[in-house]
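Residue-level structural notes
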Amino acid sequence: MLKIVLLVLIAIFIPISAFAEPMIELSTAQTEIKSLDTVLVVGKITGVSVFKPVVLTVISPDGEIVYAPELPFDNEGVFKRLIHPSLPSFKTGTYTVIASHEDTEKTAQIQFTVIASSIPTKG
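Residues numbered from 1 in each chain as written. Predicted model: local features only at pLDDT ≥ 70, side-chain atom pairs only at ≥ 80, totals over all residues. Heavy atoms only, no water.

Now for the overall build of the protein chain. Looking only at helices and strands, the protein chain has one helix and nine strands in total. In the protein chain, the succession of helices and strands from N to C terminus is α-β-β-β-β-β-β-β-β-β. With 123 residues in all, the protein chain has 29% of them scored as buried. Across the protein chain, every contact between residues at least 6 apart in sequence was considered, and the portion connecting residues at least 24 apart equals 59%. On the protein chain, roughly 8300 Å² of surface is accessible, and the fraction owed to carbon and sulfur atoms is 61%. (Helix = DSSP H or I, 4+ residues; strand = E, 2+ residues; numbered from the N terminus. Buried < 20%, exposed > 50% of the residue type's maximum accessible area, 1.4 Å probe, protein only. Contact = heavy atoms within 4.5 Å. Areas by Shrake-Rupley, 256 points an atom, 1.4 Å probe, with all protein chains shown as cover.)

Right under this line is the structure:
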């Protein structure tokens, strides 16, 4: 009888402990760019459904949402996005990038700063 009780307890608790706490990370090598440059953002997420995408929200210095693409991630949880400037160029200031997923309230956030640069003209 004791063996049966132990087996039932093990069967109940093992599946629950097999699910890890959701985790999300975000990084970029470029923390300062010119207004026409691009930014590569790399992230990793674990403990969430692989069938639901990561949402990457890019917020301009004036608080406007510039991009909010949905990104798939691979079997390792890695996702990447090359962020291009909105036309005609990025605004000068600090942009915030937030990664989120509907299976967790946790988010990851990074920032990059756009420095002023002249836009080439025909001459």
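This brings us to unusual backbone geometry. Pro88 follows Leu87 through a cis peptide bond whose omega is 0°. Within the secondary structure layout, Pro88 lies in the loop between β7 (78–83) and β8 (93–101).

A word on the pairing of β8. As paired elements, strand β4 (residues 54–59) and β8 share five bridges and run antiparallel to each other. Among the inter-strand pairings, Val55 is bridged to a residue of β8, identified as Ser100. The pairing of β8 with strand β9 (residues 104–115) spans eight bridges and is antiparallel. If you follow Ala99 over to β9, its bridge partner there is Ala108. In sequence, β8 turns back onto β9 through a hairpin of two residues. (Pairing = 2+ DSSP bridges.)

Let's shift gears to the packing of aromatic side chains. Between two aromatic rings, the relevant description is the distance of the centres plus the angle of the planes. This model, assessed by the stated rule, comprises three aromatic pairs. Taking the centre distance of 5.6 Å and the plane angle of 70° together, the rings of Phe90 and Phe112 count as edge-to-face. With Phe90 in the loop between β7 and β8 and Phe112 in strand β9, the pair connects residues that are 22 residues apart, well separated along the chain. Residue Phe90 shares its accessibility class with Phe112, and that shared class is buried. The interplanar angle of 5° and the centroid separation of 5.2 Å between the aromatic rings of Tyr95 and Phe112 together place this pair among those described as stacked. (Phe/Tyr/Trp six-rings, centres within 6.5 Å; stacked < 30°, edge-to-face > 60°.)

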